[in-house]
Amino acid sequence: MKGEEPPKALVKTPRLISQGRLPPKWRIGRGFSILEIREAGLTIDKARKLGIYVDKRRRSKHEINVKILKDFLKELGEIKA
């Protein structure tokens, strides 16, 4: 891997009641949740060895993050092959 940077997780910003419950926006988070990593077919140890950040505090699972992880694994497979 030539300087391959690990993917970034996307999370929703909290809904603020004082601002009239505006729809949440997406931002870059600390890492992927355990559910997202498992659905992508990885273990936590394997993800950390690949340089993927894991956020144990997150309990949500966003399909966009699962897609990001699967695409990253496909790219790694193409590079290794």
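Quick note: structure is the one above.
Heads up: these notes are all about the structure in this document.

Reading the values: rules and limits
- Residues numbered from 1 in each chain as written.
- Predicted model: local features only at pLDDT ≥ 70, side-chain atom pairs only at ≥ 80, totals over all residues.
- Heavy atoms only, no water.
- Helix = DSSP H or I, 4+ residues; strand = E, 2+ residues; numbered from the N terminus.
- Buried < 20%, exposed > 50% of the residue type's maximum accessible area, 1.4 Å probe, protein only.
- Contact = heavy atoms within 4.5 Å.

A few points about the environment of K56
Considering the arrangement of structural elements, one finds K56 in the loop between α2 (44-49) and α3 (63-80). Residue classification places K56 among the exposed residues on the basis of a relative accessible area of 57%. For the pair K56 and R38, spaced 18 residues apart in the sequence, the C-alpha separation amounts to 13 Å. Leaving out residues up to four positions away in the same chain, K56 has contacts with I34 and R48.

Looking at the environment of R48
Tracing the sequence through the fold places R48 in helix α2. According to the relative accessible area criterion, R48 is partly exposed, its value standing at 43%. Distance in space between the C-alpha atoms of R48 and E78 is 20 Å, their sequence separation being 30 residues.

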